[in-house]
Each structure stands twice: as C-alpha cells, then as structure tokens.
Amino acid sequence: MKTIQILGSGCANCQRTYDLVARTAQEQGAEIDIQKVEDIAEILAMGVMSTPGVVVDGAVVHSGSIPSRSQVASWLEG
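Residues numbered from 1 in each chain as written. Predicted model: local features only at pLDDT ≥ 70, side-chain atom pairs only at ≥ 80, totals over all residues. Heavy atoms only, no water.

1. A word on the overall build of the protein
So, point 1. The helix and strand tally for the protein stands at 3 helices and 4 strands.
So, point 2. For the protein, the α and β elements follow one another from N to C terminus as β-α-β-α-β-β-α.
So, point 3. For the protein, the C-alpha radius of gyration of 11 Å lies close to 12 Å, the compact-globule estimate for 78 residues.
So, point 4. Expressed as lengths along the three principal axes of its C-alpha atoms, the size of the protein is roughly 35 × 25 × 15 Å.
So, point 5. The buried share among the 78 residues of the protein stands at 33%.
So, point 6. Accessible surface, the protein: about 4200 Å² in total, of which carbon and sulfur atoms supply 47%.
So, point 7. Computing the positive centroid from 5 side-chain charges and the negative centroid from 9, the protein places the two 9 Å apart. (Helix = DSSP H or I, 4+ residues; strand = E, 2+ residues; numbered from the N terminus. Rg over C-alpha atoms; globule rule 2.2 N^0.38 Å. Buried < 20%, exposed > 50% of the residue type's maximum accessible area, 1.4 Å probe, protein only. Areas by Shrake-Rupley, 256 points an atom, 1.4 Å probe, with all protein chains shown as cover. Lys, Arg positive; Asp, Glu negative; His and termini not counted. Charge placed at Lys NZ, Arg CZ, Asp CG, Glu CD.)

2. Comments concerning the side chain of H62
So, point 1. With respect to the helices and strands, the residue H62 is situated in strand β4 (residues 59–63).
So, point 2. Taking the relative accessible area as the measure of exposure, H62 reaches 11% and is therefore buried.
So, point 3. A polar contact is formed between the side chain of H62 and the backbone oxygen of S65, at a distance of 2.8 Å.
So, point 4. Excluding anything up to four places from it in sequence, H62 contacts P52, G53, V54, P67, Q71 and W75. (Polar contact = N/O pair within 3.5 Å; in protein donor to acceptor, adjacent residues only side chain to side chain. Contact = heavy atoms within 4.5 Å.)

3. Observations regarding the packing of aromatic side chains
So, point 1. Counted by the stated rule, this structure contains 0 aromatic pairs.
So, point 2. Here the guanidinium or amino end of K36 rests over the ring plane of Y18, the centre of that ring lying 5.0 Å away. (Phe/Tyr/Trp six-rings, centres within 6.5 Å; stacked < 30°, edge-to-face > 60°. Lys NZ or Arg CZ within 6 Å of the ring centre and 35° of its normal.)

4. Observations concerning helix α1 (residues 12–28)
So, point 1. The end-to-end C-alpha separation of α1 is 24 Å, in line with the 24 Å expected for 17 residues at 1.5 Å each.
So, point 2. By the burial criterion, the buried members of α1 are C14, T17, L20, V21, T24 and A25. The buried residues of α1 occupy one face: seen down the axis, they fall within an arc of 120°. Exposed and oriented more than 90 degrees from the buried face of α1 are Q26 and E27.
So, point 3. Along its buried surface, α1 packs onto β1 (2–7), β2 (32–37), β3 (53–56) and α3 (69–76). (Expected span 1.5 Å × (residues − 1). Arc of directions from axis to C-beta.)

5. Overview of unusual backbone geometry
So, point 1. Put simply, T51 and P52 share a cis peptide bond, and its omega is 0°.
So, point 2. Summarising the element assignment, P52 is placed in the loop between α2 (40–45) and β3.
So, point 3. Positive phi is not limited to glycine here, since D57 has a value of about 50°.
So, point 4. The topology assignment puts D57 in the loop between β3 and β4.
So, point 5. Note on D57: relative accessible area 47%, which makes it partly exposed.

In structure tokens form, the structure reads like this:
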C-alpha cells in the first residue's frame, strides 16, 4: 500500500488534486493511504514552496499545479 500525501492549504486546487488521486486509485483498484497535509510549516519542511504538492511514500513527486490523470496513474503503479 502506498502512502500519498496531498500538501496544501485546503484551496480548490488542493481539493481537486486530492479527489483526482482518490478517484484514480479507486478506478485502478490501488490500495492507498491518502492524507491531507495543511500545516504550512510541515509543507515547507518537505521542500514544497508551491501547492498543491503530492508526496508518494515520502518523496515529493509533484508541486505547483493539479497533476494530470496519467501522472497520478504512474505514481500508483508498481
């Protein structure tokens, strides 16, 4: 099971990113532990300066925009 964190203040783009990841995982049948991280200090500590950000198993894989569905699908593989 992958742990995916969505980093952001709770803005509309952050929520869309959360929904996209959750929906794509469900469609692929991937088991994930999805979490929202809204604490700015914690987000900055991960090196993310622009939200929404996405962290997969401890590694920042995206920041600054809503990822594409194909990007999300690639994170869920393997």
